[in-house]
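# Residue-level structure breakdown
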Amino acid sequence: TLANLGNEAMQRGDTATARRFLEESLALRRRIGPPRAVASSLNLLGNVAWLDEDHAAATALFEESLAAFEAAGSDWDVGNALANLGLSHLQQHFEA
């Protein structure tokens, strides 16, 4: 899937390619995917933003993914999104 390709690119450190695949994945999933898939793409995009040290964007993406995971009723994913959100807030605190 596009999300898998984005995740692979992110793992290689190619955040530009990862973002491109994940943004396309998110657009498609918003149109036809289940809420958990939308949330997953948002969370992965948050990871890419975090790696690019854009912590404000990462925080916004993690917050949106958290709400979507909660709506989908996916407890494990809610925990993952909360952990990512906490790390992003912590990083912003240290940058201030």
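Here, every reference points to the structure presented above.
Here the structure is a predicted model, which is why all the values come from computation and not from measurement. All residue numbers refer to position in the chain's written sequence, counted from 1. The predicted nature of this model means local features are confined to residues of pLDDT at least 70 and side-chain atom pairs, given and counted, to a pLDDT of 80 or more, with totals for whole chains, interfaces and linings taken over all residues. Note that the side-chain values use all heavy atoms of the structure and ignore hydrogens as well as water.

### Focus: helix α3 (residues 35-51)
Note on conventions: DSSP H or I runs of at least 4 residues are helices, E runs of at least 2 residues are strands, and numbering of each starts at the N terminus. In this analysis, the expected span of each helix is defined as 1.5 Å times one less than the number of residues it contains. Between the first and last C-alpha of α3 there are 25 Å, a value that for 17 residues agrees with the 24 Å anticipated at 1.5 Å per step. For each residue, the accessible area found with a 1.4 Å probe, counting protein chains only, is set against the maximum for its type, and the residue is called buried under 20%, exposed over 50%, and partly exposed in between. Every buried residue belonging to α3 is among Ala37, Val38, Ala39, Ser41, Leu42, Asn43, Leu44, Leu45, Gly46, Val48 and Ala49, and all of these are buried. Two residues or fewer past α3, glutamate 53 is found with a positive phi of approximately 60°.

### Structural notes on a nonpolar patch on the surface
Side chains of Trp50, Leu51, Leu87, Leu90 and Phe94 sit close together on the surface and give an oily, nonpolar patch of about 510 Å² of accessible area. Contributions of two or more residues to the nonpolar patch are made by α3 and α5 (75-95). With three residues, α5 is the single largest residue contributor to the nonpolar patch. Tracing the backbone shows leucine 87 in helix α5. Patches here: salt-bridge-free residues with over 30% relative accessible area, like charges joined within 9 Å, nonpolar side chains (Val, Leu, Ile, Met, Phe, Trp, Tyr) joined within 5 Å. With residues, only the protein chains shown are counted as cover, and all accessible areas are computed by Shrake-Rupley using a 1.4 Å probe. Only one rule defines a salt bridge in this text: a Lys or Arg side-chain nitrogen within 4 Å of an Asp or Glu carboxyl oxygen.

### Description of the pattern of salt bridges
For the coordinates displayed, the defined rule picks out three salt bridges. Note that aspartate 52 is salt-bridged to arginine 19, the shortest N-O span being 2.3 Å. Of this pair, aspartate 52 sits in the loop between α3 and α4 (55-72) while arginine 19 sits in helix α2 (residues 15-32), placing them 33 residues apart in sequence. Residue classification places arginine 19 among the partly exposed residues on the basis of a relative accessible area of 27%. The salt bridge involving arginine 30 is made with glutamate 64; its shortest N-O contact spans 2.8 Å. Taken as a pair, arginine 30 in helix α2 and glutamate 64 in helix α4 lie far apart in primary sequence, 34 residues in all.

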